[in-house]
Amino acid sequence: MLPVSIKVIDKEFIAIEWNDGDKSRIKLSSLRNNCPCALCAADRENRGDKYFPIFSSDELTLTGVNMIGNYAVSVTWKDGHNTGIYEFGYLKKISTS
Ligand SMILES: [Zn+2]
């Protein structure tokens, strides 16, 4: 399973097309909120699951998406955060469709 294309739509979603014909859509706020890096994971742990973060527009603007081998993508946000590495299965899990 590999992404064929990853596009940002209306500055709100990313749309991923997979090589098996499947499509995934993920809200940028959900992508950011589910950032798998150690820093964000620790942050979520501390806040508990009843906390809904408010992100700035820079924190929700993607400036880059890079393939990591053939199992994940790393994303760069406009506020400089770039340590999140999203495995493909994880992207599918947090997608809304
Ligand atoms: Zn993070």
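Quick caveat: nothing in here was measured; it's all calculated off a predicted structure. (Residues numbered from 1 in each chain as written. Predicted model: local features only at pLDDT ≥ 70, side-chain atom pairs only at ≥ 80, totals over all residues.)

**As for the nonpolar core**
By size, the foremost hydrophobic cluster in this structure holds 11 residues: F13, I14, I16, I26, L28, L31, V73, V75, W77, Y86 and L91. Elements with a contribution of two residues or more to this core: β2 (13-18), α1 (28-33) and β5 (72-77). (Core = buried A, V, L, I, M, F, W, Y, C linked by C-beta atoms within 7 Å. Buried ≥ 20, exposed ≤ 12 C-beta atoms within 10 Å, placed from the backbone. Helix = DSSP H or I, 4+ residues; strand = E, 2+ residues; numbered from the N terminus.)

**Some details on helix α2 (residues 38-47)**
In terms of burial, α2 is a largely surface element, 0 of the 10 residues being buried. G48 sits one or two residues past α2 and shows a positive phi near 80 degrees.

**Examining the environment of K93**
Assignment of secondary structure puts K93 in helix α3 (residues 88-94). Each C-alpha atom of the pair K93 and I26 lies 9.7 Å from the other, and the pair is 67 residues apart in sequence.

**So, the environment of I9**
Of note, I9 is situated in strand β1 (residues 3-9). Judged by local crowding, I9 falls into the exposed class, with 10 C-beta atoms found within 10 Å. Separated by 20 residues in sequence, I9 and S29 place their C-alpha atoms 13 Å apart.

**Digging into the sheet that holds β2**
Pairing in this open sheet of 3 strands is antiparallel, and the strands run β1-β2-β3 from one edge to the other. This sheet does not close on itself; its edge strands, each paired only once, are β1 and β3 (23-27). Neighbour to neighbour, the strand axes of the sheet diverge by 15 degrees on average, direction disregarded. When β1 meets β2, the two strands line up antiparallel, connected through 6 bridges. (Pairing = 2+ DSSP bridges. Axes fitted to C-alpha atoms, helices over the stretch in contact; angles between N-to-C directions.)

**Quick look at the pairing of β5**
Of the two faces of β5, only the one carrying V73, V75 and W77 is buried; A72, S74 and T76 on the other face are not. With 6 bridges connecting them, strand β4 (residues 62-68) and β5 associate as antiparallel partners. Each residue of the ladder has a partner; that of G64, found in β5, is T76. Connecting the antiparallel pair β4 and β5 is a turn made up of 3 residues, with G69 showing a positive phi of about 50 degrees. In this sheet, strand β6 (residues 85-87) lies alongside β5 in antiparallel orientation, the contact comprising 3 bridges. From the neighbouring strand, V73 faces β6, where its bridge partner is Y86.

**Notes on unusual backbone geometry**
The backbone of D10 sits at a positive phi, close to 55 degrees, despite the residue not being glycine. Relative to the helices and strands, D10 resides in the loop between β1 and β2.

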